[in-house]
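A look at the structure
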Amino acid sequence: MDKPIPLKIYEIVGSEFCVAADDGQKVYDQIVLALKRDLQVQLSFLNVKRLTSAFLNVAIGQLYGEFPEGLLSSHLSVADMEADDRELLKRVIETAKAYFKDPARFNRVRNRVLGEKEDAGE
Amino acid sequence: MPNSISLPVRPIYSNLAGYSQIGELATRLDHYEFSSISLDMRQMGWCDGNMCAPLGAVLYRAGRDLNDIDLRDIPSSVENLLRKNGFLTNYGRVYLEDTFSSTIQYQRFEPQDDRIFSYYLDEQLRNKAIPEMSTGLHKRFIEGLMEIFSNAVLHSETKMGIFVCGQYFHQQHRLDFTIADLGIGIRQNLLDKIGLKLPADQAIDWAVEGSNTTKRGPIPGGLGLKLLREFIRLNHGRLQIISDTGYWEQFPDGRKEMTLLSNRFPGTVVNIEINTADQNSYQLSSEQEVDIPF
């Protein structure tokens, strides 16, 4: 298996405080870019001091509305993360899976995402 | 022609009576613009410092209607406190140094100031004499405050900012921190986002229960307040939420109460009170493996 692409959260956000939803979107965009090229991604939280569920919902939770769980499970990994923060990320992922379990919601989000891309000429 | 009026202010504690009074003040101030408004504070024998957040929000809103606000005849003990926490520097007084390290500065943030708020918390809580707080409690407390701030940003649609203030009560081993916004409130948010019509107190209860969320788009939610409630319960702290006419409180023993206020607060207020002497360990060992269930 190819070595995963390291995505350094600190570098993408530009701060040790990963707390804002807007910053989460920057991370999400990078992950999506890699996943669409079928690349393995390792998310490094080195030097990140503070995380919120608002940030992680956007950065990672949002992925479950666009990609199948199996694909995320086989392509994503995490490094350099404190035990407390791993626990928070775990809760965010469980919440996201439950949120998108509703097939109507999953399809609505997926159609909207696909629709936006078609509108954008992709 | 501009009016000139005087409104009395009684003692303000972080309780039902305190929030009711601020709601009443907001309602009365709604009637004025381009006016000179004096707040007569001679009967204000006490003010919990953290209550400067909702009070400041209401006065800021009145100031946006081009009212000139003057705080008069403040008893010296209250005036000293409100100078130390920076509240009165908004109303013509000079800042007074806090040698007891019991105040946490009053401040207004813009909704995009998440990171600045994070720096502020580090600064304010680092320089305070809070020796009894364990590292784990300190971290969880700050994370809880960040979750409230994020909620205000995500749900309130506030255009007038987010107001914060705190107070450390050394003797009682408690620390109160209050975050207020001037947004649409929880009741209106439920109605607008998911068409759920509830009285204001029940709307708050709905928002804090389980994984309820008004989110319907591509970004999941509903975790922030749940994490906060779990932490407060473990800490035997107190959580108060006031939104519109709704009042909701979770007590240190886990009991909760809710009721409707006679006057609405024009937004949402969340107050966290933590037990600073709590010796629970909130930190998971770094050796403890937590599987990430991608």
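Scroll up a little and you will see the structure.
Notes on the structure follow. In this text, all values refer to a predicted model and were calculated from it rather than measured experimentally.

**Topic: the overall build of chain B**
- Scanning chain B from N- to C-terminus turns up eight helices and eight strands.
- Taken against the 2.2 N^0.38 rule, which gives 19 Å for 294 residues, the C-alpha radius of gyration of chain B at 19 Å falls within 12% of a compact globule.
- Seen along its three principal axes, the alpha-carbon backbone of chain B occupies a region of about 65 × 50 × 35 Å.
- Within chain B, contacts between residues separated by at least 24 positions form 72% of all contacts whose residues are at least 6 apart in sequence.

**A few points about the nonpolar core**
- Core analysis: the biggest nonpolar cluster contains 104 residues, and A:Phe55, B:Ala53, B:Val58, B:Phe149 and B:Ile179 have the highest contact counts within it.
- The element that contributes the greatest number of residues to this core is helix H5 (residues 135-155) of chain B, accounting for eight residues.

**A look at the interface of chain A and chain B**
- On the chain B side, the residues contacting the 36 residues of chain A number 28 residues.
- Contributions of two or more residues to the side of chain A that touches chain B are made by helix H3 (53-59), helix H4 (69-75), strand S5 (76-79), helix H5 (83-99) and helix H6 (103-119) of chain A.

**Comments concerning the sheet that holds strand S6 (residues 174-181) of chain B**
Residue and element names in this part refer to chain B.
- Spatial ordering of the open sheet is given by S4-S5-S6-S8-S7, a layout of five strands whose pairing is antiparallel. Two strands in the sheet have a free side with no partner beyond their single neighbour: strand S4 (103-109) and strand S7 (238-250). On average, each strand axis in the sheet is tilted by 20 degrees relative to the strand beside it, whichever way the strands run.
- Bridge count for S4 against strand S5 (residues 162-169) is five bridges, and the pairing is antiparallel. Residue Arg108 lies in a different strand from S5, and its bridge partner there is Phe163.
- Sheet strands touched by helix H1 (residues 16-29): S7 and strand S8 (256-275). Its angle to S8, the strand with the most contacts, is close to 140 degrees.

**Description of the pairing of strand S2 (residues 36-40) of chain B**
Residue and element names in this part refer to chain B.
- Only one face of S2 is covered, namely the one carrying Ile37 and Leu39; the face carrying Ser36, Ser38 and Asp40 has none of its residues buried.
- As paired elements, strand S1 (residues 4-8) and S2 share five bridges and run parallel to each other. Bridged to Ser6 within S2 is Ser38.
- Pairing of S2 with strand S3 (residues 68-72), which is carried by five bridges, proceeds in the parallel orientation. Along S3, the bridge assignment pairs Asp40 with Arg72.
- A crossover links S2 with its parallel partner S3, the connecting element being helix H2 (residues 52-64), and its sense is right-handed.

**Description of unusual backbone geometry**
Residues and elements named next belong to chain B.
- Despite not being glycine, Phe34 has its phi angle at roughly 50 degrees, a positive value.
- Position of Phe34 relative to the elements: it lies in the loop between H1 and S2.
- One non-glycine residue, His236, lies in positive phi territory at about 55 degrees.
- Topologically, His236 is positioned in the loop between helix H8 (224-235) and S7.

Conventions adopted
- Residues numbered from 1 in each chain as written.
- Chains lettered and ligands numbered in written order.
- Predicted model: local features only at pLDDT ≥ 70, side-chain atom pairs only at ≥ 80, totals over all residues.
- Helix = DSSP H or I, 4+ residues; strand = E, 2+ residues; numbered from the N terminus.
- Rg over C-alpha atoms; globule rule 2.2 N^0.38 Å.
- Contact = placed C-beta atoms within 7 Å.
- Core = buried A, V, L, I, M, F, W, Y, C linked by C-beta atoms within 7 Å.
- Buried ≥ 20, exposed ≤ 12 C-beta atoms within 10 Å, placed from the backbone.
- Pairing = 2+ DSSP bridges.
- Axes fitted to C-alpha atoms, helices over the stretch in contact; angles between N-to-C directions.
- Right-handed = clockwise from strand over helix to strand, strands pointing away.

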